[in-house]
Amino acid sequence: MATIFIDNGAHDVPDGVNLLDACLTLGLNLPYFCWHPAMGSVGACRQCAVKQFHDDKDTHGRLVMACMTPAADGTRISLEDPEAREFRSSVAEWLMVHHPHDCPVCDEGGECHLQDMTVMNGHTYRRYRGTKRTFRNQNLGPFVNHEMNRCIQCYRCVRFYKDYAGGRDFDAQFLRDRVFFGRHEDGTLESEFSGNLVEVCPTGVFTDKTLKLHFTRKWDERTAPSVCVHCALGCNTIPGERSGRLRRIRTRFNGEVNGYFLCDRGRYGYGFVNSERRLRAPFAGRGPDRTPLDGAAAAAHAAAWLDPGSRVVGIGSPRASLEANFALRTLVGPDRFFSGMAETEHRLASSIVRVLQDGPTPAASLHDAEQSDAVFILGEDVTSTAPMLALALRQSVRRQPMALATKLRIPEWDDGAVRTALQDAKGPLFIASTTATRLDDIATATVHGAPDDLARLGFDVAHAIDPSAPATGEAAPGDTRVAQIAAALRNAQQPLVVAGTSSGSDAVIEAAANVAWALHAAGRSARLAFVVPECNSLGAALLGGRGLDAAAAELDDADTVIVIENDLDRRGSGPLVSRLLDRARLIVVDHLTTATTDRADVGLPAATFAEGDGTLVNNEGRAQRSFQVFPPAGEVRESWRWIRDLMRAAGRTEAAAWQTLDDITAALASAVPALATIRDAAPSAAFRIAGLKVAREPHRSSGRTAIDAGVTVHEPKPPGDPDSPLTFTMEGFQGQPPAALIPRFWAPGWNSVQSVNHYQAEVGGPLRGGDPGRRLIEPANGSAPAYFARVPPRFLPDAGEWLCVPLHHIFGSEELSVLTPGVAERMPPPYVALNPDDLARTGLIEGDLATVAVGGASLRLLVRRLPSLPAGIAGVPSGLPSLPWVALPGRARISKAEAPR
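Residues numbered from 1 in each chain as written. Predicted model: local features only at pLDDT ≥ 70, side-chain atom pairs only at ≥ 80, totals over all residues. Heavy atoms only, no water.

**A look at the overall build of the protein**
Looking only at helices and strands, the protein features 25 helices and 36 strands. Computed over C-alpha atoms, the radius of gyration of the protein comes to 28 Å, within 12% of the 29 Å expected from 2.2 N^0.38 for 901 residues, which places it in the range of a compact globule. Principal axes of the C-alpha set define a box for the protein whose edges measure 90 × 80 × 65 Å. Relative to its full complement of 901 residues, the protein shows a buried share of 61%. For the protein, the share of sequence-separated contacts (at least 6 apart) that also reach a separation of at least 24 residues comes to 74%. Accessible surface computed for the protein: about 33,500 Å², of which carbon and sulfur atoms make up 51%. (Helix = DSSP H or I, 4+ residues; strand = E, 2+ residues; numbered from the N terminus. Rg over C-alpha atoms; globule rule 2.2 N^0.38 Å. Buried < 20%, exposed > 50% of the residue type's maximum accessible area, 1.4 Å probe, protein only. Contact = heavy atoms within 4.5 Å. Areas by Shrake-Rupley, 256 points an atom, 1.4 Å probe, with all protein chains shown as cover.)

**Comments concerning the packing of aromatic side chains**
Going through the model one piece at a time under the given rule, you end up with 18 aromatic pairs. Residues Phe-143 and Tyr-268 carry aromatic rings whose centres are separated by 4.5 Å and whose planes lie at 5° to one another, so their mutual orientation is stacked. Of the two residues, Phe-143 is situated in the loop between α3 (113-121) and β6 (144-146) and Tyr-268 in helix α6 (residues 264-268); the sequence distance between them amounts to 125 residues. When its relative accessible area of 2% is taken as the criterion, Phe-143 is described as buried. Clustering of aromatic rings is evident, with ring pairs tying together Phe-160, Tyr-164, Phe-253, Tyr-260 and Phe-261. (Phe/Tyr/Trp six-rings, centres within 6.5 Å; stacked < 30°, edge-to-face > 60°.)

**Quick notes on the pairing of strand β8 (residues 178-182)**
Within β8, four of the five residues are buried, which leaves the element mostly enclosed by the surrounding structure. In this sheet, β8 lies alongside strand β7 (residues 171-175) in antiparallel orientation, the contact comprising five bridges. Looking at the pairing, Gln-173 lines up with Phe-180 of β8. Between the end of β7 and the start of β8, which pair antiparallel, lie two residues, with Arg-176 showing a positive phi angle near 55°. (Pairing = 2+ DSSP bridges.)

**A closer look at the pattern of salt bridges**
Under the criterion given, the structure shown has 52 salt bridges. One salt bridge in this structure joins Glu-815 and Arg-570, with 3.8 Å as the shortest N-O distance. Placement of the pair is Glu-815 in the loop between β31 (802-807) and α24 (821-825) and Arg-570 in the loop between β23 (560-564) and α20 (574-581), with a sequence separation of 245 residues. Of the residues examined, Glu-815 reaches a relative accessible area of 10% and is grouped as buried. The network of salt bridges with shared partners includes Glu-111, Glu-221, Arg-248 and Arg-250. (Salt bridge = Lys/Arg side-chain N within 4 Å of Asp/Glu carboxyl O.)

**Looking at the sheet that holds strand β30 (residues 774-775)**
Reading across the sheet, the three strands line up as β26-β27-β30 and stay open at both edges, with antiparallel pairing between neighbours. One side of each edge strand has no neighbouring strand; the edge strands of this open sheet are β26 (614-617) and β30. In this structure, strand β27 (residues 622-626) lies alongside β30, joined through two bridges in antiparallel fashion. Paired with Arg-622 across the strands is Arg-775, a residue of β30.

**Some points on the sheet that holds strand β19 (residues 429-433)**
The parallel open sheet is built from five strands, whose spatial order is β20-β19-β18-β21-β22. Two strands close off the open sheet at either side, each with one partner strand: β20 (445-448) and β22 (527-531). Pairs of neighbouring strands in the sheet enclose a mean axial angle of 10°, with direction left out of account. Pairing geometry for strand β18 (residues 374-378) and β19, over four bridges, is parallel. Pairing of Val-375 across the sheet is with Leu-429, part of β19. The sheet strands contacting helix α16 (residues 481-490) are β18, β19, β20 and β21 (495-500), and the helix crosses β18 at an angle near 135°. (Axes fitted to C-alpha atoms, helices over the stretch in contact; angles between N-to-C directions.)

**Comments concerning the packing of helix α15 (residues 451-465) against α16**
Direction vectors running N to C along α15 and α16 enclose 55°, while the axes themselves pass 9 Å from each other. When the axes of α15 and α16 are compared, the pair comes out oblique. Note that α15 runs across α16; the crossing there is right-handed. Contacts between α15 and α16 pair Leu-457, Asp-460, Val-461, Ala-464 and Ile-465 from the former with Val-482, Ile-485, Ala-486, Leu-489 and Arg-490 from the latter. Taken together, the residues of the contact of α15 with α16 break down into eight nonpolar, no polar and two charged. (Parallel < 35°, antiparallel > 145°, perpendicular 65-115°, else oblique. Left-handed = near helix turned anticlockwise from the far one by under 90°. Nonpolar A, V, L, I, M, F, W, Y, C, P; charged D, E, K, R; others polar.)

**Re unusual backbone geometry**
Across the junction of Leu-888 and Pro-889, the peptide omega takes the value 0°, indicating a cis bond. With respect to the helices and strands, the residue Pro-889 is situated in the loop between β35 (873-877) and β36 (890-896). A positive phi angle is found at Asp-7, which is not glycine, with a value near 50°. Relative to the assigned elements, Asp-7 resides in the loop between β1 (2-6) and β2 (9-13). If you check the backbone angles, Arg-46 has positive phi at about 65° while not being a glycine.

**Observations concerning the side chain of Asn-536**
In this structure, Asn-536 sits in the loop between β22 and α18 (537-543). For Asn-536, the side chain forms a polar contact with the main-chain oxygen of Ala-320, separated by 2.9 Å. Among all residues touching Asn-536, those that are not within four sequence positions of it are Pro-318, Ala-320, Ser-321, Leu-322, Asn-325, Thr-615, Leu-616 and Val-617. (Polar contact = N/O pair within 3.5 Å; in protein donor to acceptor, adjacent residues only side chain to side chain.)

**Describing the pairing of β22**
The buried fraction of β22 is high, at four of five residues. Sheet topology places β21 next to β22; five bridges connect them, and they run parallel. What sits directly across from Val-498, in β22, is Ala-529. As a crossover connection, the stretch from β21 through helix α17 (residues 506-521) into β22 is right-handed. (Right-handed = clockwise from strand over helix to strand, strands pointing away.)

**What about the environment of Pro-467?**
Looking at the secondary structure, you find Pro-467 in the loop between α15 and α16. The class for Pro-467 is exposed, based on a relative accessible area of 61%. Separated by 51 residues in the primary sequence, Pro-467 and Ala-518 place their C-alpha atoms 8.8 Å from one another.

**Focus: the environment of Asp-177**
As for its position among the elements, Asp-177 is in the loop between β7 and β8. The exposure class assigned to Asp-177 is exposed, which follows from its relative accessible area of 71%.

**Quick notes on the nonpolar core**
Judged by nonpolar contacts, the single largest core of 93 residues is most densely connected at Phe-160, Phe-170, Phe-181, Phe-206, Ile-377, Met-388 and Leu-389. A total of six residues in this core trace back to one element, the largest contributor, which is helix α12 (residues 387-396). Setting aside its immediate chain neighbours within four residues, Ile-377 contacts Val-382, Leu-393, Leu-429, Phe-430, Ile-431, Ala-432, Leu-439 and Val-498. Within the second largest apolar cluster, 92 residues are counted, among which are Leu-331, Ala-349, Val-461 and Ala-516. (Core = buried A, V, L, I, M, F, W, Y, C linked by side-chain atoms within 4.5 Å.)

**Some details on helix α4 (residues 156-164)**
Where burial is concerned, most of α4 is hidden: seven out of the nine residues are buried. Residues Arg-156, Cys-157, Val-158, Arg-159, Phe-160, Tyr-161 and Tyr-164 constitute the buried set of α4.

**Focus: α3**
Within α3, burial applies to His-113, Leu-114, Asp-116, Met-117, Thr-118 and Asn-121. Those residues of α3 that are buried lie in contact with α2 (82-95). Backbone geometry just downstream of α3 places Gly-122 in the positive-phi region, at approximately 75°.

**A look at the packing of helix α7 (residues 295-303) against helix α22 (residues 639-649)**
Pairs of packed helices are described in terms of their axes, by the angle between the two and the distance that separates them. Where α7 contacts α22, the two axes come as close as 8 Å, and the packing angle between them is 60°. On the basis of the axis angle, α7 is oblique to α22. For α7 against α22, the interelement crossing comes out right-handed. Packed against α7, whose contacting residues are Gly-295, Ala-299, Ala-300, Ala-302 and Ala-303, the element α22 presents Trp-642, Asp-645, Leu-646 and Ala-649 at the interface. Here the contact of α7 with α22 is built from residues that sort into seven nonpolar, one polar and one charged.

**Considerations on the state of the cysteines**
Tallied over the entire structure, the rule returns zero disulfides. Note on Cys-228: no disulfide assigned, nearest cysteine sulfur contributed by Cys-231 at a separation of 6.0 Å. Take Cys-228: its relative accessible area is 10%, and that puts it in the buried class. Of all cysteine sulfurs, the one in Cys-228 lies closest to Cys-263, which takes part in no disulfide; the gap is 6.1 Å. (Disulfide = S-S within 2.5 Å.)

Right, here's the structure in full:
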């Protein structure tokens, strides 16, 4: 710790920080623009000026920029010195000279950092009367709106987009005294993280274009702590609602998970909550015989099929909460409960759980990944399957070269000086994937191959690190890749191995485990980052059950099938799904109308994440609680409540005590040892602060008593919430609650997202009291398990067939986000990809229509040329809504499609 003196008061601050960081950690109001806790300092805006004194006898001092001055022991500064205050006010004035002062019509109004800092500086009167410079705004695509006239040239946008996130189509462009931040021409921003410009920008230059479709002022939004449902990383979010409609998603800081940022799929994929495909009311009957029912009648109708003698099968879902899956498991019994995952997906997720539970290597959080100094990615296109992990890995390549900056005595927070010193130096990042990925630009080396060949590479790397690990025994002469990767990982202090399920290969997961375990045996603090497909895939695997193929085998004597939050046509082939759904009566609980709900005998409308509470387990085994933002309308309710109501209507006693979420969570923790600690994920519904629940609405919220005036002049009673320690109104605690209950970030004088600084133990560090979530899986004690020894054979191309592998896309491969128009706009068309030599062999050219026979299906797809694909391998997009489910990898025959008659 260092002791510094601020306005003659002594303060202890962490070592190695700058004065701005220190002042903000101490809760002092010092204005700034260009500095950002995740991106460091460049000293571009001159707004954080303070007076620094040589010693206690110095009365004159000198102006310094707090963000560029180390908080060294004995430093003496003044924030309140008249010269410093006047200088900061003049900076605010000159930055505002060309600003249009259009706060009343600006989308950023009410949460604008520029507003906050201008008020903080006392700049309340505009003296400039000259002509303002103006710009032509750009169309930047469906997510981000551009209003360049509001810019104050802080450079945050380009520093994030280009330096931090690796984007290449956005920059600062200069002409004399004019600086323009944008693209070289109109067009959609290519980065998967472009939406962060909305929160990074301290003004209204970049705003949420999706919010414009249903705009509401920020102080009128009802918000709650939530978790993203669009991949397995469990990024923390703050959804905002008004009048029963979800309006937007913002970042909720979690130092161990997503930090300050979100990917565009997580930020903009919320459209399914407001979708016309929502299932809003219960029904019974199929086709023309379908009739709407109220909730009680629907539950009674379905419960008639659940008498003690009936044979009931339950199919859960990796996108449903633990509570929903557990309720179904309780209804049908553990032996007749199935995870709802495709057979391969279930097997691979279960294998990952075993590796993390039995092995000595811990799972990596996103923060751990960011701090890694050597990374080996095996068989995963991380940017498409786990985008925020890709963003973390972009920061990890700076870890090892940072030693040069340390040697030159450049503090890590001095971002401009660090980047100048490091130039293009990058730490070791090796990518072994089927085809090129968006991370290849920062990779030390890349290897492309079939999944089995990638696994073989992993086995050889593990053997090179620890000779007792099995090897393939067929290393190519002169091939130095294995030795290069092994040496980089062995020489690192915090190596990371990344793998996952997207290649569909057990061998890839086992090879990744071997590499991590070999590093552990070599004394390295290695970590494993496994990528699984959906928001609760790991939770479903921890809960148990079997895959869909096993479910089909159980249906020979089943009377009734219950499916929760699962479109089975995305999980299995047509014949398999028909066998699952057409032999017995079908009850479906879901929030969307799907091919599965279309076949249901009874349909029950489930709540989305925005309308219900629940617990999800992310890819590292972290249980996190997601709280409803607004109460569901009509008969919509959480899936677990529907299952409870079915059990009660059928006379089952197990659910008698399930009155609240806490009740079912306690039952789950008692019944499943692997989930015994999930109650620690968030405070119970009984939690109070000074006798109050936490308010979902901000204290500035307006119109609550008038919002329904067009319907009734009577003020309705506010809805209650028995499941959480939050209220649906502004009445409640408005201060800082525990981290897991933070519904928004706000502090006096800090209305923007920058107010998160006031919620952290230290700026850039964890939230006070610790970041949300409870890790359920930690490394096993004792000796490491035996290495996996099933080395797969080499892939050999076939003259008449191709190995067809799935290709994942951040926009299109995930089920829920594609219901957002902006996401659907960026989804690729269905295609089959081949390398140029294979294209020549088939006689096809790019743009042709091909017939692809794979996995019992015949697909008509556009042909796409993809040079990075190895010979003998074809790629087909995974999860596109226009494509039928196909088991991949699989053998395929490709021919030119006949023209339609």
